[in-house]
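The chain contents come next:
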Amino acid sequence: RPFHVEPTNIVSVNEDMQRVTDEASAMNKRIHYYSRLTSPADRALVAPDHVLPAPDEIYVYSPLGTAFKVDSCTDGYGKNSSIVTIFMIWNTMMGTSILSIPWGIKQAGFTLGIILILLMGILTLYCCYRVVKSRKMIPLIDTSNWEFPDVCKYYFGSFGQWSSLLFSMVSLVGAMIVYWVLMSNFLFNTGKFIYNFVHDVNVTDIVPGTNGSSKVICPSASSSHPPQNRSVMFFSGNNTGFELFEKWWSKSQTVPFYLVVVLLPLLNLKSPSFFAKFNVLGTVSVVYLVFLVTVKAARLGIHLEFNWFTENDFFLPEFRILFPQLTGVLTLAFFIHNCVITLLQNNRNQENNVRDLSVAYFLVGLTYLYVGVIIFASFPSPPLSKECIEQNFLDNFPSDDIMSFVARIFLLFQMMTVYPLLGYLARVQLLRQFFGNAYPSVFHVLVLNVAIVGAGVAMARFYPNIGGIIRYSGATCGLAFVFVYPSLIYVISQHRAGQLTWPALIIHIFIILLGLANLIAQFLL
């Protein structure tokens, strides 16, 4: 018998559906309201998973990498394939620290530098694996929505909660300071290139360098001429305009302040979701850097001479006492421990988490090795010394180098889109802890952002050394998230389960001591 529905019944059904939708929307708002009243580790006011809507904005980040929405790469059901998961981890870890890897190898020595990259990759991978397993070792509690700071609060109480917040802020603010220094550098060189091109100015920097189409310079060769915008100009006509340009376009004295006009208003936006659309620029920048390194090496050739313990005018020993500077950089270069749980819990096949994480770490280490080794090996020695390799290896190419100009443009635009995301994450973590709201008022947000921006401007003005900033912040936040907390949590959980063995205890105590020694060494060398 045909089923017949009267028009009045259709209207009634539509009204019922609308009422159910409105009630569900109101319930979701109440759920989100009550969930924000406590931390994720406190389940008293958190609704069961089966009644929770999908999250609106969940960002993961690496301090010197990218930040993006977790659900932006899913298959429609909130899950990722292994290939997507591996790429997301690689993309999150790869960041501006890649610019300092050649300098770190120089500080450690070529052979020791390669060994340290391999060992630090293995060590941080093991600690990252412990982070992933940490919440699964907690019995009788639903930890499916927990992040690693929640696990720290469970084991160490309020100390774990506030210390994890402190070290997380160190990594975030350190990353934002590095970004400000690099953005000032890239904006300065970009503006200098454009001015010289428009006004047909042929400029020769007052620093030693090579000749030819692939010129390499040594900005730090003379302490009497620091790597600012000092230059010798060759062009006809009045040079007053050029001198005025050099006065108002200085890498450390003026350009860092110009960025405030653009970036400070962007930091005060309530939601940074618009900037998350440009995350692909991070991948493009890394791929282009690899291409640039390959082309430059092909043109410059390989310049290596193995001196195991002695140093001459052009080459360095294979083992140097300054190697902790590289380990400090690598601690942050391999740092993903604060967001790896979020990345892996969206993996479609959870049994592949260990494999996918290992493959991602292998690819990250391979990228760092390739860029670092190629830049170090192809640096033209002689006529320049390997000591000339800068903390940002792009500074070894003059501002009129076309390929370097394109790289700086890519990196500048990428950083200007990631910077507001990092500021948003810092705001959420700090203000929500103190005021229970990520945007308590315009005044609160403005004060926080002015403090962060002021720190970036001050460092770009007085200490524009990204290698130093990266290694200090990396060793500091890495002490907690990479070395201490994962090892302590494993030892405590195994002890409670009656499964702790002496070899395991000794190994994890040794890991903690390595992290502590890594931090102390940054201030001694």
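The rules behind each value
- Residues numbered from 1 in each chain as written.
- Predicted model: local features only at pLDDT ≥ 70, side-chain atom pairs only at ≥ 80, totals over all residues.
- Heavy atoms only, no water.
- UniProt positions renumbered as here; feature names shortened; annotations may be inferred.
- Axes fitted to C-alpha atoms, helices over the stretch in contact; angles between N-to-C directions.
- Helix = DSSP H or I, 4+ residues; strand = E, 2+ residues; numbered from the N terminus.
- Parallel < 35°, antiparallel > 145°, perpendicular 65-115°, else oblique.
- Left-handed = near helix turned anticlockwise from the far one by under 90°.
- Contact = heavy atoms within 4.5 Å.
- Nonpolar A, V, L, I, M, F, W, Y, C, P; charged D, E, K, R; others polar.
- pLDDT = per-residue confidence, 0-100.
- Buried < 20%, exposed > 50% of the residue type's maximum accessible area, 1.4 Å probe, protein only.
- Disulfide = S-S within 2.5 Å.
- Salt bridge = Lys/Arg side-chain N within 4 Å of Asp/Glu carboxyl O.
- Phe/Tyr/Trp six-rings, centres within 6.5 Å; stacked < 30°, edge-to-face > 60°.
- Lys NZ or Arg CZ within 6 Å of the ring centre and 35° of its normal.
- Expected span 1.5 Å × (residues − 1).
- Arc of directions from axis to C-beta.

If you look the protein chain up in an unreviewed UniProt entry, it shows as Neutral amino acid transporter 9 from Pampusana beccarii. UniProt annotates the protein chain under Sequence similarities (unreviewed entry) with the comment "Belongs to the amino acid/polyamine transporter 2 family. SLC38A9 subfamily."

**Q** Account for the packing of helix H14 (residues 466-496) against helix H15 (residues 502-524), naming residues and giving values.
**A** Between H14 and H15, whose axes approach to 9 Å, the crossing angle comes to 165°. Compared by their axis directions, H14 and H15 come out roughly antiparallel. The two elements H14 and H15 meet at a crossing, and its hand is left-handed. Taken together, the residues of H15 that come into contact with H14 (itself represented by Arg-471, Tyr-472, Ala-475, Thr-476, Leu-479, Phe-483, Val-484, Ser-487, Leu-488, Tyr-490 and Val-491) are Ala-504, Leu-505, His-508, Ile-511, Ile-512, Gly-515, Leu-516, Asn-518, Leu-519, Gln-522 and Phe-523. Of the residues contributing to the contact of H14 with H15, the split by class is 15 nonpolar, 6 polar and 1 charged.

**Q** So what's going on with the confidence of the model for the protein chain? Residues and values would help.
**A** In the predicted model, the protein chain carries a mean pLDDT of 81, and the fraction of residues at 70 or more is 80%. The lowest-confidence element of the protein chain is helix H1 (residues 7-35), averaging 44 in pLDDT; the highest-confidence one is H15, averaging 96. Taken as a whole, residues 20-58 scores under 50 in pLDDT and shows 39 contacts with residues more than four places along the chain or in a different chain.

**Q** So what about the environment of Leu-266? Which residues, and what values?
**A** When you line up the elements, Leu-266 lands in helix H7 (residues 255-267). When the C-alpha atoms of Leu-266 and Tyr-419 are compared, they prove to be 9.0 Å apart, with 153 residues separating the residues in sequence. In this view, Leu-266 contacts Phe-275 and Pro-420; residues no more than four positions away in its chain are not counted.

**Q** Describe helix H3 (residues 101-108), naming the residues involved and giving the relevant values.
**A** Among the 8 residues of H3, 8 are classified as buried, and the element is accordingly described as predominantly covered. Of all the positions in H3, only Ile-101, Pro-102, Trp-103, Gly-104, Ile-105, Lys-106, Gln-107 and Ala-108 are classed as buried. Its buried side turned inward, H3 meets helix H4 (110-134), helix H9 (324-333), helix H11 (353-378) and H14. At the C-terminal side of H3, Gly-109 shows a positive phi close to 100°.

**Q** Provide a residue-level description of the state of the cysteines, including the pertinent values.
**A** The full count for this structure, using the stated rule, is 1 disulfide. Through a disulfide, Cys-218 is tied to Cys-388; the S-S separation comes to 2.1 Å. Where Cys-218 bonds to Cys-388 through sulfur, the torsion about that S-S bond is close to -80°, and the disulfide is left-handed. Of this pair, Cys-218 sits in the loop between strand E3 (202-205) and strand E4 (231-234) while Cys-388 sits in the loop between H11 and helix H12 (402-435), placing them 170 residues apart in sequence. Here Cys-128 stays free of any disulfide, with the sulfur of Cys-339 as its closest cysteine sulfur at 8.4 Å. Classification of Cys-128 by relative accessible area gives buried; the value is 0%.

**Q** Please give an account of the environment of Arg-348 that cites residues and values.
**A** Assignment of secondary structure puts Arg-348 in the loop between helix H10 (340-345) and H11. Residue class for Arg-348 comes out partly exposed when judged on its relative accessible area of 44%. For the pair formed by Arg-348 and Thr-85, sequence separation is 263 residues and the distance between their alpha carbons is 9.0 Å.

**Q** Tell me about the pattern of salt bridges, residues and numbers included.
**A** Throughout the structure, instances matching the rule amount to 4 salt bridges. Lys-296 is the partner of Asp-401 in a salt bridge, and the nearest nitrogen-oxygen pair spans 2.7 Å. In this pair, Asp-401 sits in the loop between H11 and H12 while Lys-296 sits in helix H8 (residues 280-300), placing the two residues 105 residues apart along the sequence. Looking at Lys-296, the relative accessible area reads 2%, which means it is buried.

**Q** Requested: an account of the packing of aromatic side chains, with residues and values cited.
**A** This model, assessed by the stated rule, comprises 21 aromatic pairs. Relative to Phe-481, the ring of Phe-148 lies with its centre 6.3 Å away and its plane at 55°, an arrangement referred to as tilted. Linking Phe-148 in helix H5 (residues 148-198) with Phe-481 in helix H14, this pair joins segments that are 333 residues apart in sequence. Through a chain of ring-to-ring contacts, three or more aromatic side chains come together here, namely Trp-146, Tyr-154, Tyr-155, Phe-156 and Tyr-485. Looking at Lys-386, its charged tip hangs above the ring of Phe-376, at a distance of 5.0 Å from the centre. Sitting over the ring of Tyr-472, Arg-471 keeps its end group 4.6 Å from the ring centre.

**Q** An account of helix H13 (residues 442-462) is requested, with residue identities and associated values reported.
**A** Counted at 1.5 Å a residue, the expected span for H13 with its 21 residues is 30 Å, and the 30 Å between its end C-alpha atoms agrees. Within H13 the residues assigned to the buried category are Val-445, Leu-448, Asn-449, Ile-452, Val-453, Gly-456, Val-457 and Ala-460. Projected down its long axis, H13 shows its buried positions confined to an angular sector of 165°, all on one face. Of the exposed residues in H13, the ones pointing more than 90 degrees away from its buried face are Phe-443 and Phe-462.

**Q** Could you give me a rundown of the packing of H9 against H14, with the residues and numbers involved?
**A** Contact geometry for H9 and H14: axes closest at 7 Å, N-to-C directions at 65°. Note that H9 runs across H14; the crossing there is left-handed. Residue-level inspection shows Gln-325, Gly-328, Val-329, Thr-331 and Leu-332 of H9 in contact with H14, the latter providing Gly-467, Ile-470, Arg-471, Ser-473, Gly-474, Ala-475, Cys-477, Gly-478 and Phe-483. When the residues that make up the contact of H9 with H14 are grouped by side-chain class, the tally is 6 nonpolar, 7 polar and 1 charged.

**Q** For unusual backbone geometry, give the residues involved together with the corresponding values.
**A** The linkage connecting Ser-381 with the following residue, Pro-382, adopts the cis geometry, with an omega of -15°. Considering the arrangement of structural elements, one finds Pro-382 in the loop between H11 and H12. In this model, Pro-382 is joined to Pro-383 through a cis peptide bond whose omega is 15°. With respect to the secondary-structure elements, Pro-383 resides in the loop between H11 and H12. Even without a glycine there, the phi angle at Leu-140 is positive, about 65°. Relative to the assigned elements, Leu-140 resides in the loop between H4 and H5. Exposure remark for Leu-140: the relative accessible area of 91% places this residue in the exposed category.

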